[in-house]
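Topology and contacts: notes
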Amino acid sequence: MSDEPRDEGFDDLLDAIADGEGFYVECANGHGSLPPRLACPQCGSQDLSEEPLPDSGEISTYTVVTVPTPQFEEDAPYVTAVVDFGPVSITGQVRGVDPEDVETGQVVGIGVGETVTREERLLVFEPR
Ligand SMILES: [Zn+2]
């Protein structure tokens with residue numbers, strides 16, 4: 001695991017999502033996961049293909065963060081959510097909605113934003 005080009009691959013994914021061409025990796029057994037992958041994390045299959053990410057997903061869990069780590073200091077309060085896109089679940093920050101109005105089951109689209117604190121790129125979800 002240690003020599004996987006994890007950040008580089010994640011940047012590629014962010015670029016693809018920013019261009020509206022998000023994708024995930026699916027193995028021969030239909031397990032979805034996020035790139036970069038050399039093998040399926042669920043069954044170890046190396047027979048992987050890239051599939052287009054659905055345009056929207058549903059919030060499955062979320063957390064309102066009011067006491068952030070320094071990296072997100074000026075972003076607080078914000079909402080971190082896990083969004084179910086069917087084959088894959090993706091963690092990101094919910095934008096464009098009041099933290100207290102976020103609910104599970106809410107349909108959101110995916111995009112790329114920047115943190116207020118350090119202007120680092122991150123995955124963001126916005127209500128559809
Ligand atoms: Zn698999």
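Data block above holds the structure.
Let me begin by describing the structure that accompanies this report.

Calculation rules
- Residues numbered from 1 in each chain as written.
- Predicted model: local features only at pLDDT ≥ 70, side-chain atom pairs only at ≥ 80, totals over all residues.
- Heavy atoms only, no water.
- Helix = DSSP H or I, 4+ residues; strand = E, 2+ residues; numbered from the N terminus.
- Contact = heavy atoms within 4.5 Å.
- Donors = N, O, S within 2.8 Å, 3.2 Å for Na, K, Ca; no water.
- Tetrahedral: all angles 85-135°; square planar, octahedral: opposite > 155°, others 65-115°.
- Buried < 20%, exposed > 50% of the residue type's maximum accessible area, 1.4 Å probe, protein only.
- Pairing = 2+ DSSP bridges.
- Axes fitted to C-alpha atoms, helices over the stretch in contact; angles between N-to-C directions.
- Core = buried A, V, L, I, M, F, W, Y, C linked by side-chain atoms within 4.5 Å.
- Domains from an automatic or database assignment.

**Considering the environment of G105**
One can find G105 in the loop between strand 6 (89–94) and strand 7 (107–114). Between the C-alpha atom of G105 and that of E58, which follows or precedes it by 47 residues, the distance is 5.0 Å. Every residue in contact with G105, bar those within four places of it in the chain, is listed here: E58 and I59.

**Here's the deal with the coordination of the zinc ion**
At this site the zinc ion is bound by C27 (SG), H31 (ND1), C40 (SG) and C43 (SG), with donor distances of 2.0 to 2.3 Å. Each of the four donor atoms around the zinc ion contributes to a set of angles spanning 107 to 112°, which defines the coordination as tetrahedral. Every donor residue of the zinc ion comes from the same chain, spaced as C-x3-H-x8-C-x2-C. Taking relative accessible area as the criterion, C40 reaches 5% and is therefore assigned buried.

**Things to note about the sheet that holds strand 7**
Pairing within the closed barrel is mixed, and its five strands lie in the order 4-5-6-8-7. On average, each strand axis in the sheet is tilted by 45° relative to the strand beside it, whichever way the strands run. With two bridges joining them, strand 6 and strand 8 (residues 121–127) adopt parallel strand pairing. Following the sheet pairing, Q93 is matched in strand 8 by V124.

**Comments concerning the nonpolar core**
Formed by 21 residues in total, the largest nonpolar core has its most connected members in L53, F85, I90, I110 and F125. Elements with a contribution of two residues or more to this core: helix 1 (6–18), strand 1 (23–27), strand 5 (78–84), strand 6, strand 7 and strand 8. Broken down by element, this core gets its largest block of residues, four residues, from helix 1. The residue makeup of this core includes at least three contributed by each of domain 1 (6–52) and domain 2 (56–127). If near-sequence neighbours (up to four positions away) are discounted, I110 is found in contact with I17, L53, D55, F85, I90, L123, V124, F125 and R128. Judged by nonpolar contacts, the second largest core, of five residues, contains F72, Y78, L122 and V124.

**Some thoughts on the environment of A39**
As for its position among the elements, A39 is in the loop between strand 2 (32–33) and strand 3 (48–52). Assessed through its relative accessible area of 24%, A39 is described here as partly exposed. A sequence separation of 59 residues divides A39 from D98, and the C-alpha atoms of the two residues are 38 Å apart. When neighbours within four sequence positions are excluded, A39 is seen to be in contact with G44, S45, Q46 and L48.

Scope: geometric values only; no functional claims are made or implied.
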